[in-house]
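Below, each chain spelled out in residue letters.
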Amino acid sequence: TLDNGIHYMIRRNGKPEDRVELRLVVNAGSILENYKQQGLAHVCEHMCFNGTRHFAKNELVDYLESIGMAFGPDLNAYTSFDETVYMLQVPTEDPEILVQAFQILADWAHEVSFEGEEIDKERGVVIEEWRGGRGASQRIRDQQLPFLAKDSRYADRLPIGKKEILDTFEHDTLRDFYRTWYRPDLQTVIAVGDLEPETLLEYITTYFGSIPPHQDAPPRETFGIPDQPGCRVLVTGDKEATRTRASVIYLREKDDLKTRQDYRNGLRDGLFTSMLNQRLAELAKQPDPPFLGAGSSKGNMLREKGAFSLGVSVADGGTQRGLEAALTETQRLKQHGFTAPELERARARRLRAMQVAYNERDTTKSSVFARSYVADVTDDTVSPGVEEELRLHEEMLGTISLEELNGLVDDWITDSNCVVMV
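These numbers were taken from a predicted model, which means no experiment stands behind them. (Residues numbered from 1 in each chain as written. Predicted model: local features only at pLDDT ≥ 70, side-chain atom pairs only at ≥ 80, totals over all residues. Heavy atoms only, no water.)

### Considerations on the overall build of the protein
Put simply, the test is: The helix and strand labels rest on DSSP assignments: H or I over at least four residues marks a helix, E over at least two residues marks a strand, and numbering proceeds from the N terminus. Computation of the radius of gyration draws on C-alpha atoms alone. For the globule rule, the value is 2.2 Å times the number of residues to the power 0.38. Think of it in three bands: residues with accessible area under 20% of the maximum for their type are buried, residues over 50% are exposed, and the middle band is partly exposed, with areas taken using a 1.4 Å probe on protein chains only.
Assigned secondary structure in the protein consists of 15 helices and ten strands. Here the C-alpha radius of gyration of the protein, 24 Å, is about what a compact globule of 422 residues would show, namely 22 Å. Considering only C-alpha atoms, the protein reaches an extent of 65 × 50 × 40 Å along its principal axes. Per-residue burial over the protein gives 48% buried out of 422 residues.

Printed below as a string of structure tokens:
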């Protein structure tokens, strides 16, 4: 952590050669917008590409394109409920390019221009993005998320915002969001690539160490999702949707990953879903399968909520049969549990996958590490590293018993706090 509160994460990695992955993680997203700012966290992200202190208007994009970078593979950003993340991949051979790359990140962190003319131009771009809805899948998610997060702030703060606010927001309302939440104590710089850690730290210290900390900044609150009685059902459709999917989501407390016990819990949960997924895969291989595909997962859904989910993809008209088949397997587990051979096979698969990851550790791309570290920041978790993870697998897998796994089903699959979405 720098003196002003900015966090940093650095790793030397040589794949690909002569490249470095840079990330600026801002611990602020649409969940922190007030009523007049709905959608402006996303607009802030757009404005970072429309003028900063050192790059006027389109100069930033023009410069990045001049060094061979393109939106998508090398240059991108996204806004979520709880965070905004900026991404650059730059070559390391030319020190001047590195200087400019870190300058760009630092400008995004605290020196975006927000010129009125540029705000109004980008207003139209974001409204078109809102109008387009980014495809059938996104339009359906925009209906599902408020239902899933009922009675919480998440239900009212979709990152795309509200058109009436995007149409009419005042320039200073946007600037106020940026000034309030883009600040050192809520920012992390991640640098992974083919440079010495000392060199990367020097760049970070030079370009981020002088950013002044905010005075009298409001606390960064977190927002929970209240439990709901019973089981709620939502059916949504879209004329451009190309498939039918049904999910049963059992909401629960979020999972932590900070301690050895947390890691063991994650291994245990992974064995459970792996064995259930094997059963579902066998059903999908039948001559007349009840679904096209099915699977289960357990993890964090939003920052303050976890979930165990069961999902099926079905042919048109096959929703009831597909859901019934998947839920029958969960009832079979409640009555009879898993078997010892299933557990042994699941342990072997998990250990084998970890051994492969260990053996291929020298081929891991920098973007993979960067993505993992972004998740550590946004989810407040840790990355032990592949060497330590293999050791933990070897130590812990054998201690997870069949009785322990079979005891999870009644805790995970309940008659309340349940959401069915088709």
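### Side note on unusual backbone geometry
Following K15, the chain continues into P16 via a peptide bond in cis, with omega recorded as -5 degrees. By secondary structure assignment, the location of P16 is in the loop between β1 (7-12) and β2 (19-26). Backbone geometry at D216 places phi at a positive 55 degrees, although glycine is not the residue there. On the secondary structure map, D216 appears in the loop between α8 (197-208) and β6 (231-234). Backbone geometry at N417 places phi at a positive 55 degrees, although glycine is not the residue there.

### Quick word on the sheet that holds strand β3 (residues 75-79)
Applicable threshold: DSSP bridges decide pairing: two strands pair if at least two such bridges lie between them. Comment: axis = line fitted to C-alpha atoms, over the contacting stretch for helices; angle = value between 0 and 180 degrees taken between N-to-C directions.
The five strands lie next to each other as β1-β5-β2-β4-β3, forming an open sheet whose pairing is mixed. Each having just a single partner strand, β1 and β3 make up the two edges of the open sheet. Taken pair by pair, the neighbouring strands of this sheet meet at an average axis angle of 10 degrees, ignoring direction. With seven bridges connecting them, β2 and strand β5 (residues 187-193) associate as antiparallel partners. Considered in β5, the bridge of V26 is made with Q187.

### Topic: the sheet that holds strand β9 (residues 305-314)
This is how it is decided: Throughout, a residue-residue contact means that at least one pair of heavy atoms, one from each residue, lies within 4.5 Å.
Ordered by their spatial adjacency, five strands build an open sheet running β6-β10-β7-β9-β8, and the pairing between neighbours is mixed. On the outer flanks of this sheet lie β6 and β8 (293-302), each paired with one strand and no other. Strand-to-strand twist across the sheet, computed as the mean angle between neighbouring axes with direction ignored, equals 15 degrees. Note that strand β7 (residues 244-252) and strand β10 (residues 418-421) share four bridges and pair antiparallel. Bridged to I249 within β10 is V419. Of the strands in this sheet, β6, β7, β8 and β10 are in contact with helix α5 (residues 136-148), which crosses β6 at around 165 degrees. Across the face of the sheet, helix α9 (residues 260-284) comes into contact with β8 and β9 while running at roughly 155 degrees to β8.

### A short note on the nonpolar core
As a rule of thumb, soluble globular proteins bury nonpolar side chains together. Here is the rule: For the purposes of this section, nonpolar cores are sets of buried Ala, Val, Leu, Ile, Met, Phe, Trp, Tyr and Cys residues that join through side-chain atoms within 4.5 Å.
Within the largest apolar cluster, 67 residues are counted, with the highest numbers of intra-cluster contacts made by L88, W108 and F208. Take this core: its biggest share by element is nine residues, from helix α3 (residues 95-110).

### Digging into the side chain of T273
The condition is simple: Side-chain atoms alone can form a polar contact between residues adjacent in sequence; in general such a contact is a pair of N or O atoms within 3.5 Å, and within protein one must be able to donate a hydrogen while the other accepts it.
With respect to the helices, strands and loops of the structure, T273 is situated in helix α9. One polar contact links the side chain of T273 to the main-chain carbonyl oxygen of G270, over a distance of 3.2 Å. When residues no more than four places from it in sequence are discounted, the contact partners of T273 are S296, S297, K298, F308 and W412.

### Thoughts on the pattern of salt bridges
Any two side chains of opposite charge can pair, so long as their charged atoms come close to each other. Selection criterion: Salt bridge, as used here, is a side-chain nitrogen of Lys or Arg placed within 4 Å of a carboxyl oxygen of Asp or Glu.
Enumeration according to the criterion identifies 38 salt bridges in this entry. A salt bridge links D269 to R268; the shortest N-O distance between them is 2.9 Å. D269 gets classed as buried once you look at its relative accessible area, which sits at 8%. Here R279 and E329 are joined by a salt bridge, their closest N and O atoms 3.9 Å apart. Here E329 lies in helix α10 (residues 319-336) and R279 lies in helix α9, a separation of 50 residues in the sequence. Each member of the pair, R279 as well as E329, carries the same accessibility label: buried. Taken together, the salt bridges that share partners define one network made up of D255, R268, D269 and K298.

### A few points about the packing of helix α1 (residues 40-47) against helix α4 (residues 116-132)
Convention followed: Orientation is classified from the angle alone, with under 35 degrees giving roughly parallel, over 145 giving roughly antiparallel, 65 to 115 giving roughly perpendicular, and any other angle giving oblique. If you view the pair so one helix is near and one far, a crossing is left-handed when the near helix is turned anticlockwise from the far one by less than a right angle, and right-handed when it is turned clockwise. Each residue is assigned to one of three groups, with Ala, Val, Leu, Ile, Met, Phe, Trp, Tyr, Cys and Pro labelled nonpolar, Asp, Glu, Lys and Arg labelled charged, and all others, Gly among them, labelled polar.
Contact geometry of α1 with α4 gives a least axis separation of 10 Å together with a crossing angle of 120 degrees. By the angle class used here, α1 and α4 are oblique. When you trace α1 past α4, the crossing you get is right-handed. In this structure, α1 uses H42, V43, H46 and M47 to contact α4, whose residues at the interface are E118, I119, E122, V125, V126 and E129. In terms of residue class, the contact of α1 with α4 is built from five nonpolar, two polar and three charged.

### Notes on the packing of aromatic side chains
What counts is decided by this rule: A pair of aromatic rings is counted whenever rings of Phe, Tyr or Trp (Trp by its six-membered ring) have centres within 6.5 Å, and the orientation is called stacked for planes under 30 degrees apart, edge-to-face for over 60 and tilted otherwise. Criterion for a charge above a ring: Lys NZ or Arg CZ within 6 Å of the ring centre, and within 35 degrees of the ring normal.
A full pass over the atoms with the stated rule returns 13 aromatic pairs. Considering the side-chain rings of Y250 and F308, the 6.1 Å spacing of their centres and the 20 degrees angle between planes classify their relative orientation as stacked. Taken together, the positions of Y250 in strand β7 and F308 in strand β9 put the pair 58 residues apart, joining distant regions of the chain. On the basis of relative accessibility, which here comes to 5%, the residue Y250 falls in the buried class. For F308, a relative accessible area of 0% corresponds to the buried category. Put simply, the rings of Y250, F272, F308, F338 and W412 pair up and form one aromatic cluster. Sitting over the ring of Y358, R361 keeps its end group 3.9 Å from the ring centre.

### Re the environment of P289
Tracing the chain through its elements places P289 in the loop between α9 and β8. The exposure class assigned to P289 is partly exposed, which follows from its relative accessible area of 26%. Sequence-wise, P289 and G161 are 128 residues apart; in three dimensions their C-alpha atoms are separated by 41 Å. With sequence-adjacent residues up to four places away left out, P289 is seen in contact with L283, A284 and R321.

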